[in-house]
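Spelled out from the first residue to the last, the chains are:
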Amino acid sequence: QVQLEESGGGLVQSGGSLRLSCAASGSTFRITHMGWYRQAPGKQRELVARIPKGGSTSYADSVKGRFTISRDNATNTMYLQMNSLKPEDTAVYYCNAECPFSTCEAPQYWGKGTLVTVSS
């Protein structure tokens, strides 16, 4: 099993910054890609950014140039640096980890989420 725990959410003014963290524990050696998703009230969950164990990152168009995803494989921690925040970034942010091997208990794992609120 893999456990994911997010932290770092909160209330920030428009134009401000926040840094989210996701700590992974358990069978982390099986994790390949990790990512941040978000879900705003009344909307579907959407991918924000994704990062492999090594290689290129990818971002949703709406956050390109403002958000930076990073990952420390030594500590099994993933980060999302969010700058120039906008009210439309308000959402619950979820940490995701992919486990594509037949020995994985599940193909994906999710954290419980952390709320980010951006005031105008």
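Residues numbered from 1 in each chain as written. Predicted model: local features only at pLDDT ≥ 70, side-chain atom pairs only at ≥ 80, totals over all residues. Heavy atoms only, no water.

K.L.:
Quick question: what am I supposed to make of the state of the cysteines here?
P.N.:
Each disulfide is one covalent bond, formed between the sulfur atoms of two cysteines. According to the stated counting rule, one finds two disulfides in the structure shown. Disulfide pairing places C22 opposite C95 at an S-S distance of 1.9 Å. Its S-S torsion of approximately -70° makes the covalent link between C22 and C95 left-handed. A residue pair is termed long-range when its members are at least 10 positions apart, and C22 in strand β3 (residues 18–26) and C95 in strand β9 (residues 91–98) qualify at 73 residues. C99 shares a disulfide with C104; S-S distance 1.9 Å. The sign of the S-S torsion, about -75°, decides the handedness of the disulfide formed by C99 and C104: left-handed. C104 matches C99 in its accessibility class, with the two residues each being buried. Assigning the bonded cysteines of the protein consecutive numbers by sequence position, one obtains the connectivity 1-2, 3-4. (Disulfide = S-S within 2.5 Å. Helix = DSSP H or I, 4+ residues; strand = E, 2+ residues; numbered from the N terminus. Buried < 20%, exposed > 50% of the residue type's maximum accessible area, 1.4 Å probe, protein only.)

K.L.:
How should the packing of aromatic side chains be read in this particular structure?
P.N.:
To describe a pair of aromatic rings, you give the distance between the ring centres and the angle between the ring planes. Scanning all chains against the criterion turns up one aromatic pair. For the pair Y37 and W110, a centre-to-centre distance of 4.9 Å together with 70° between the ring planes defines the contact as edge-to-face. With Y37 in strand β4 (residues 34–39) and W110 in strand β10 (residues 108–110), the pair connects residues that are 73 residues apart, well separated along the chain. We classify Y37 as buried; its relative accessible area is 16%. The exposure class of W110 is partly exposed, given its relative accessible area of 35%. The residue whose ring lies beneath R19 is Y79, and the NZ or CZ to ring-centre distance is 4.0 Å. Sitting over the face of the ring of W110, R45 holds its NZ or CZ atom 4.6 Å from the ring centroid. (Phe/Tyr/Trp six-rings, centres within 6.5 Å; stacked < 30°, edge-to-face > 60°. Lys NZ or Arg CZ within 6 Å of the ring centre and 35° of its normal.)

K.L.:
Any chance you could explain the pattern of salt bridges here in plain terms?
P.N.:
The tally for this structure, following the rule as stated, stands at six salt bridges. Residue D89 is joined to R38 by a salt bridge in which the shortest nitrogen-to-oxygen separation is 2.9 Å. With a gap of 51 residues between them, D89 in the loop between β8 (77–82) and β9 and R38 in strand β4 connect regions that are remote in the sequence. For the pair D89 and R38, one class covers both residues: buried. Where K64 meets D61, a salt bridge forms, and the shortest distance between an N and an O atom there is 3.1 Å. An identical accessibility class is assigned to K64 and D61; each is exposed. Taken together, the salt bridges that share partners define one network made up of R38, E46, R66 and D89. (Salt bridge = Lys/Arg side-chain N within 4 Å of Asp/Glu carboxyl O.)

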